2 protein chains.
Amino acid sequence: MKPDVDDEAHMPEASNPFAERTSVEFVEEGVQLAPKFDAHGLIPVITTDFTSGEVLMHAYMNREALAQTLAIGEAVYWSRSRQQLWHKGATSGLVQKVRELRIDDDQDCVWLRVEVVGGASCHVGYRSCFYRRVQFREGKPATPSVLEFTEQEKAFDPKAVYGDAPNPTRL
Amino acid sequence: MKPDVDDEAHMPEASNPFAERTSVEFVEEGVQLAPKFDAHGLIPVITTDFTSGEVLMHAYMNREALAQTLAIGEAVYWSRSRQQLWHKGATSGLVQKVRELRIDDDQDCVWLRVEVVGGASCHVGYRSCFYRRVQFREGKPATPSVLEFTEQEKAFDPKAVYGDAPNPTRL
């Protein structure tokens, strides 16, 4: 499909790598990256394993994190718990190499397809953060309100990798 | 892996289908669904196609939407633009049948694996909301700041399906 909006007119400036959101048609059908950051300056990010397709994690980027991710080809998030840029793998070595960055229709969510050095992305030690499930059979939860583990073994020992760093999980 | 927390003690009551978040260990390593809703009462949801693994959409649920999704086995979201429960497919017929519901480590994000009646999930007419990408080659964006379409044809005509309903995309 060939978008019929005038993209040349909205080319981003060098100081701002992203285009302005000038119309719904430009955002939905255009070929310029014009992300929407929320009231906190953040955009949610879904990160999947490029090969298996598994969802690894859900995180957030601010404008700078998204610009850095595009610049270095490795996932850089915004850590809400630490309130700082978070180059994933800087501590653990489990760097996420970006193979593809997708944006959704209204450009308020990023889908990052990555290869993970070391094969794991979860601070608890699992490959994916989503290591528990409720399965459905014929439209009904097989085990209502009870979660089943999808990974039996941790991919790494979080204590060995993160030491005494505070656990980011908040109640 | 067998969790060693005492799950029996935290069984949810009938009036509230979800467990209380009593400790980090219970949330991360337990087998009870104990979701965290944000300051607006919402939890982000990643929805993927059960067969292809493709990310279809990113949306939100409140407590009732999540409870209804578990009860009827079809995706029910909270529409932030319309401020109401949103049984996906009620208007378009493109119902999402839940095959698996996953929760992440700190239980503040849901991953829904669905089968889509009609095969499309995006209000613009595409199969996935994520129909545009930046590809990376050797760590560099192949087309910096320019998006490439991944779907060449729309799966349905949004005007025929939604009529004059307002476009949910906000600038």
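Report on the accompanying structure. Just so it is clear, the structure is predicted and the values come from calculations on it, not from any experiment. For every chain, the first residue of the written sequence is number 1, and numbering continues from 1 along that sequence. The lettering of chains begins at A and the numbering of ligands begins at 1, in the order of writing. For this predicted model, a pLDDT threshold of at least 70 governs which residues receive local features, and a threshold of 80 or more governs which side-chain atom pairs are given and counted, while totals over whole chains, interfaces and linings are taken from all residues. Side-chain metrics in this entry use all non-hydrogen atoms of the structure; hydrogen atoms and water are not considered.

1. Observations concerning the overall build of chain A
We count it as follows: For the purposes of this entry, the term helix denotes a DSSP run of H or I that reaches at least four residues, the term strand denotes a run of E that reaches at least two, and both are numbered from the N terminus. Classification of residues uses two cut-offs on accessible area relative to the type maximum, computed with a 1.4 Å probe and protein chains only: under 20% is buried, over 50% is exposed, and between them is partly exposed. Only heavy atoms matter for contacts: two residues are in contact if any of them lie within 4.5 Å across the pair. Accessible surface is estimated by sampling points in the Shrake-Rupley manner with a 1.4 Å probe; for residues, cover comes only from the protein chains shown. Counted as positive: Lys and Arg. Counted as negative: Asp and Glu. His and the chain ends are not counted at all. Note on charges: their place is set at NZ of Lys, CZ of Arg, CG of Asp or CD of Glu.
The helix and strand inventory of chain A stands at three helices and nine strands. Along the first, second and third principal axes, the C-alpha set of chain A runs to 55 × 45 × 30 Å. Looking at chain A as a whole, 52% of its 171 residues are labelled buried. Once local pairs closer than 6 in sequence are excluded, the contacts in chain A between residues at least 24 apart make up 43%. For chain A, the exposed surface amounts to about 7800 Å²; the carbon and sulfur share of it is 50%. Within chain A, one finds 19 positive and 26 negative side-chain charges whose respective centroids are separated by 10 Å.

2. Digging into the pairing of strand S6 (residues 110-116) of chain B
All names here are of chain B. The following threshold applies: Each pair of strands is called paired provided DSSP finds at least two bridges between the two strands.
Across the seven residues that make up S6, a large majority, six, are buried. One ladder, built from five bridges, connects strand S1 (residues 43-49) with S6; its direction is parallel. Its bridge partner lying in S6, Ile46 is registered against Trp111. Here seven bridges tie strand S5 (residues 96-103) to S6, and the two strands are oriented antiparallel to one another. The partner of Ile103 across the bridge, within S6, is Val110. Following S5, the chain reverses through six residues before pairing antiparallel with S6; Gln107 in that reversal takes a positive phi of roughly 55°.

3. Some remarks on the nonpolar core
The condition is simple: Here, the term nonpolar core denotes a set of buried Ala, Val, Leu, Ile, Met, Phe, Trp, Tyr and Cys residues that are joined through side-chain atoms within 4.5 Å.
Within the largest apolar cluster, 80 residues are counted, with the highest numbers of intra-cluster contacts made by Leu112 of chain A together with Leu112 of chain B. Excluding its chain neighbours within four sequence positions, the residues that come into contact with Leu112 of chain B are Val45, Ile46, Thr47, Thr48, Met61, Thr69, Ala75, Tyr77, Val98, Glu100 and Leu101 of chain B.

4. Things to note about the relation of the copies chain A and chain B
For clarity, the threshold we go by: The copies are overlaid by a least-squares fit using only the C-alpha atoms of residues whose pLDDT is at least 70 in both copies.
The transformation that overlays chain A on chain B combines an axial shift of 0.0 Å with a rotation of 180°, and the residual RMSD is 0.0 Å. The transformation just described matches what one would write down for a two-fold rotation axis. Among all C-alpha atoms of chain A, that of Gly53 of chain A lies closest to the rotation axis, at 2.9 Å. Both copies present the same face, since 100% of the interface residues in chain A are matched by interface residues at the equivalent positions in chain B.

5. Considering the pattern of salt bridges
Working definition: two side chains of opposite charge can pair if their charged atoms are close together. Residues and elements named next belong to chain A. Threshold: Salt bridge, as used here, is a side-chain nitrogen of Lys or Arg placed within 4 Å of a carboxyl oxygen of Asp or Glu.
A complete count under the given rule lists 18 salt bridges over all chains for this structure. The salt bridge partner of Glu54 is Arg127, with a shortest N-O separation of 3.0 Å. Taken together, the residues span a long stretch of sequence, with Glu54 in the loop between strand S1 (43-49) and strand S2 (55-61) and Arg127 in the loop between strand S6 (110-116) and strand S7 (132-137) at a distance of 73 residues. Residue class for Glu54 comes out buried when judged on its relative accessible area of 12%. A relative accessible area of 38% means that Arg127 is categorised as partly exposed.

6. A look at the side chain of Thr47 of chain A
Residue and element names in this part refer to chain A. The condition that has to hold: Pairs of N or O atoms within 3.5 Å make up the polar contacts considered here, provided that, within protein, one atom can donate a hydrogen while the other can accept it, and that residues adjacent in sequence are counted only when both atoms are side-chain atoms.
The topology assignment puts Thr47 in strand S1. Thr47 sits in the buried class, given a relative accessible area of 0%. Among the polar contacts made by the side chain of Thr47, one reaches the side chain of Tyr77 at a distance of 2.7 Å. Dropping the residues within four chain positions of it, Thr47 is found in contact with Glu54, Val55, Leu56, Met57, Tyr77, Gln96, Leu112 and Val114.

Honestly, that's just the spatial picture; any functional story needs more than this.
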